[in-house]
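For reference, the chains in residue letters:
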Amino acid sequence: MESQLDGVPAFRARQIFTWLHKHAVGSFRHMHNLPQDLIKLLEEVYQQVWPLELVTTRVSTDGTEKYLFALSDGGAVETVLLPEEDRQTLCISTQVGCAMNCSFCATGRSGYERNLTAGEIVAQVLYVQHRLRAEGKTLSNIVYMGMGEPLANYEAVLKSARLLNHPLGLNLGARRLTISTCGLAPQIRDLAEEDLQINLAVSLHAVEDGYRSEIMPINKRYPLGELLAACDYYTQRTNRRISYEYALISGFNDHPQHAEELGKLLQGRLCHVNLIPINPVGKEERPTAQRIAAFAQVLERMRIPVSIRKERGTDIEAACGQLRQRSLEGWS
Ligand code: SAH
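The model shown is predicted, which means the values in this text are computed figures rather than measured ones. (Residues numbered from 1 in each chain as written. Predicted model: local features only at pLDDT ≥ 70, side-chain atom pairs only at ≥ 80, totals over all residues. Heavy atoms only, no water.)

Chemist: Got a minute to help me understand the sheet that holds strand 3 (residues 76-83) in this structure?
Modeler: Within a sheet, adjacent strands bond to each other through the backbone by hydrogen bonds, running parallel or antiparallel. Read from one edge of the open sheet, ten strands run 1-2-3-4-7-8-9-10-11-12, paired in mixed fashion. Two strands lie at the open edges of the sheet, namely strand 1 (52-59) and strand 12 (306-308), each paired on one side alone. Averaged over neighbouring strand pairs, the angle between their axes works out to 20° when direction is ignored. Contacts from helix 9 (residues 224-238) reach strand 9 (199-203) and strand 10 (242-248) within the one sheet, and its direction differs from that of strand 10 by about 145°. (Pairing = 2+ DSSP bridges. Helix = DSSP H or I, 4+ residues; strand = E, 2+ residues; numbered from the N terminus. Axes fitted to C-alpha atoms, helices over the stretch in contact; angles between N-to-C directions. Contact = heavy atoms within 4.5 Å.)

Right, here's the structure in full:
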């Protein structure tokens, strides 16, 4: 099909790229400096600018916006916008479903279907950017923390990061992008060697191998020693502070003793701890606010930089994979 575009001069590619990635236009008709016959041809070949369609959106009372997108093969992914005064952060998906099977995660429960293409990853960003533009706003940060394990879809994720980073496109600095992983140690090392300044977030959640393996099967393949060695290599190569995510589950990993062990593990490392009060999808329970604060205090005393993630969008099923789960169960 692409061969239909063979005779089109090369400079048009640059124009089209700019319309798509910088201006985030929603249709070929808005590419004003293209000749009409080229617009027609693009419509014939590609039909639409984004390889996904909006199924539904939900807006939380706190401003969080959740988008459920349908892909051309019928798959569905979620994207979440977290608006703040000084920044607009978009949380994007990288796979349909997820194979990592973390026990507390809604996405893992529905199994793994496939990797997203780089185009499908970037389209989530462009779709929301298109909407924000209309309000005079623009996306400032992208977090790869939606459905899927980004480092299990390494090539497409890296390609998408380079597209978002492109000077002719959104031109988002690599430091505004954060890739979150459950701990694929070899790919963390690969990422370290890309010489990009991307932020890395590592979902730790437990600091002892037996414990961690209980909730995160990936730990059996890459135990903590191997994971942290890969993280150290990442810091050494990039000089970037790694963010360690720690989901607090009542009665499992929220004891002050766990905080102390976490502190000991991270002491001397260039790091930041992000405490996430668990968003229960199974029988887990969220610790009390007091318990969460006590956990943070232990880390503060040990001089480990720590923050508690603000809960957002709980009224719209904003936790990873929840909205899609509902839609698979017949909600729409
Ligand atoms: N696969 C990647 C990115 C997607 S999950 C990863 O594991 O990092 C994004 C973050 O949300 C991870 O830290 C994940 O452990 C966390 N998470 C998943 N389900 C959650 C839940 N129910 N409550 C709180 N955090 C959750």
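Chemist: I keep staring at unusual backbone geometry and nothing clicks. Help me out?
Modeler: One can expect most non-glycine residues to show negative phi and most peptide bonds to be in trans. Unusually for a residue other than glycine, N171 sits at a positive phi of about 60°. Note that N171 resides in the loop between helix 5 (154-165) and strand 8 (177-181). Here N171 falls in the partly exposed class, since its relative accessible area comes to 47%. Phi is positive for H205, close to 65°, though the residue is something other than glycine. (Buried < 20%, exposed > 50% of the residue type's maximum accessible area, 1.4 Å probe, protein only.)

Chemist: Explain a negative patch on the surface here, please?
Modeler: A cluster of acidic side chains, namely E208, D209, E260 and E261, defines a negative patch on the protein surface. Here E208 is to be found in the loop between strand 9 and helix 7 (209-215). Using a relative accessible area of 41% as the deciding quantity, one classes E208 as partly exposed. (Patch = residues over 30% accessible without salt bridge, like charges linked within 9 Å, V, L, I, M, F, W, Y side chains within 5 Å. Areas by Shrake-Rupley, 256 points an atom, 1.4 Å probe, with all protein chains shown as cover. Salt bridge = Lys/Arg side-chain N within 4 Å of Asp/Glu carboxyl O. Lys, Arg positive; Asp, Glu negative; His and termini not counted. Charge placed at Lys NZ, Arg CZ, Asp CG, Glu CD.)

In short, geometric facts, not functional conclusions.
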